[in-house]
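Spelled out from the first residue to the last, the chains are:
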Amino acid sequence: MVTQRGVGFAVFVLAGILGFSPQPIVAGSPALTTPAQGACNGPAALVGKLEAHPGADNAVELGSWYASHKQFGCAIATFRDGLKSDPGSAQLHYLIGLADVAQNHTADALLDLQRAVELDPGVIKPHLLLAYVYDQSGEQEKAEDQFHRALTIDPKSEPALGGLSQDLLRRGDSVDVALLLRSAPRTERLTINLAKALGNLNMLDEARDVLTQTLNENPKSLPLSKALIAVLAKETRVQDAINLARHVVDENPGNQDAEVQLFRILVLTNHFDEARPIGPKLLAQRPRDPEVQYLNGMVLRSIGDNLGARKLLEQSIAGDPSSLNAHYELGIVLVVLKDWASARQELEKAIAMGEKAPQVHYHLALALRGMGDASDAQKEIQIFETLKRNDEARIEAAMKASQADEELKSDQVQPAIDHLKQAIEEQPDNADFKYKLALALHRSGDTASEREQLEQAIKLDPGFAAAQNELGFLLSRQGDSTGAIEHFRQAVQAAPGYVEAWINLAGELAMTGQFPDARTAVAMALRLDPENELARKLSDRLAHDPSAQQARP
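Before going further, it helps to spend a moment on the environment of Gln-490. Structurally, Gln-490 can be placed in helix α28 (residues 481-494). Residues Gln-490 and Glu-139, 351 residues apart in the sequence, show an inter-C-alpha distance of 31 Å.

Written out as structure tokens, the structure reads:
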């Protein structure tokens, strides 16, 4: 059994391993898997004790001393000597695996850790460490199995919940992450993983609430604040994001990471005047940080110091050549400085890396014209003008759609319909506008046009879960259960966390007598939202008298 003996050594190594740090615990330490003869010089009392009484306990004691002094090869040799007299010791196999992992020899650790969990499956640490080794080896499925086994021992284990949720996120299973972590302890790591899953499911309100609650309890947490700032920015709540970043700086005086976080959000939201006093200080503290160099370059460009901006942006790219934004900004600066060839090179790199802003083509045209290439410059101007017209049309359409939103709030249905139709004239391929028009048409009673707009929205975007759900609801009202079920299924396939669509699917399946599938669907709705009253009522009805269900809830 893996006992508390050797716990000092275990804590020493597990501090990194069970936090899933990819680095070895002792950076740069020698790998002593097979110590030279006479190289292991432990305390005479412990050495003598083991020689006089070979066995697991004394081997653990001496081996742990070696490990605590970073002599991992000696520790492993001592533990293996202990196995000679006690070959069934799960603890010794576990500690050998632990020492191998401590020196980053994860492949060597595998067999001993497997043996440890076989000999004593009821102890959690070997399962956690074996899961870590599997993850490091790319065997994610086996890692998940070990995390599940760990959770049968301790359902609230933060390392097991964290490791399993990380693996689930890695393979895109956000629903299972949300289900796994909704009732889990609100630690920093688990909260961030839960928020990521909710964000992936487009449940931004819930992600924000979860992060806010945990951040209120841990106001100095930079990872939590960074995650919440990302959610706020995604919701376009820019001032809220800035205010939070300021608050974190106040809570962490002198913390460079907090200051970089504030500096970043100020620069990226064009609050350059507020960012200017922060930049030079951070640059002095982090002179080789590519992000700090890039952000300071942006600030210098905003005040016309293009030579200074060029120097910093070039340094940033040298440190991180993959930064699209740095290449784009440097290209603009080089155009201003009339270094045409270099500007062309940077702007073409930015376009190749995926820059979509129309202005990149305008600046490239200037660089080409400066180089005397009038023909290619004219081509870039044409691309710029086309993209700019499209952007202007998008803006105009978005304004009309926004006006329609306000009109619908005050029950001005016909004006809203008119403005949405105008928006669609500007942007005929915008599925969201067609969906909004369908909702407005529903309120006007024009179900034929409503269906037409929903079908067009889905044709443009088959993964538009809300449109799929609404069309399913419309077809259900018209008596087309087969079509309704198909679209409800499409909705939950596109958005597995869409509780309303799961309930609608369950109700429609029940109406057509497909009770096992209906129970499965409503069970999923309850897993996602255990307090949902509609789902609970439908579940109760299906459980007690499924044949009596003739109407959707």
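Still to come is the rest of the account.
Another point: the side chain of Asn-469. Residue position: Asn-469 is located in helix α27 (residues 465-477). Under the relative-accessibility criterion, Asn-469 is labelled buried at 2%. For Asn-469, the side chain forms a polar contact with the side chain of Asn-504, separated by 2.9 Å. Apart from the residues lying within four places of it in its own chain, the contact partners of Asn-469 are His-487, Phe-488, Ala-491, Tyr-498, Glu-500, Ala-501 and Asn-504.

A separate point is unusual backbone geometry. For Asn-270, which is not glycine, the phi torsion reads 65° and is therefore positive. Within the element layout of this structure, Asn-270 appears in the loop between α15 (256-268) and α16 (272-275). Accessibility expressed as a relative area gives 55% for Asn-270, which makes it exposed.

Under the defined criterion, the tally for this structure stands at 40 salt bridges. Put simply, Glu-61 and Lys-49 hold a salt bridge, and the shortest N to O gap is 3.1 Å. Here Lys-49 lies in helix α2 (residues 44-52) and Glu-61 lies in helix α3 (residues 56-68), a separation of 12 residues in the sequence. The salt bridge involving Lys-409 is made with Glu-406; its shortest N-O contact spans 3.3 Å. With a gap of three residues between them, Lys-409 and Glu-406 both fall in helix α23 (residues 374-409), about one helical turn apart. The class of Lys-409 is exposed, set by a relative accessible area of 66%. The network of salt bridges with common partners includes Asp-205, Arg-208, Asp-209, Glu-235, Arg-237 and Asp-240.

Glancing now at the state of the cysteines. Applying the stated criterion across every chain yields a total of one disulfide. For Cys-40, the disulfide goes to Cys-74, at an S-S distance of 2.1 Å. Where Cys-40 bonds to Cys-74 through sulfur, the torsion about that S-S bond is close to -90°, and the disulfide is left-handed. With a gap of 34 residues between them, Cys-40 in the loop between α1 (7-17) and α2 and Cys-74 in helix α4 (residues 72-85) connect regions that are remote in the sequence.

About the cut-offs
Residues numbered from 1 in each chain as written. Predicted model: local features only at pLDDT ≥ 70, side-chain atom pairs only at ≥ 80, totals over all residues. Heavy atoms only, no water. Helix = DSSP H or I, 4+ residues; strand = E, 2+ residues; numbered from the N terminus. Buried < 20%, exposed > 50% of the residue type's maximum accessible area, 1.4 Å probe, protein only. Polar contact = N/O pair within 3.5 Å; in protein donor to acceptor, adjacent residues only side chain to side chain. Contact = heavy atoms within 4.5 Å. Salt bridge = Lys/Arg side-chain N within 4 Å of Asp/Glu carboxyl O. Disulfide = S-S within 2.5 Å.

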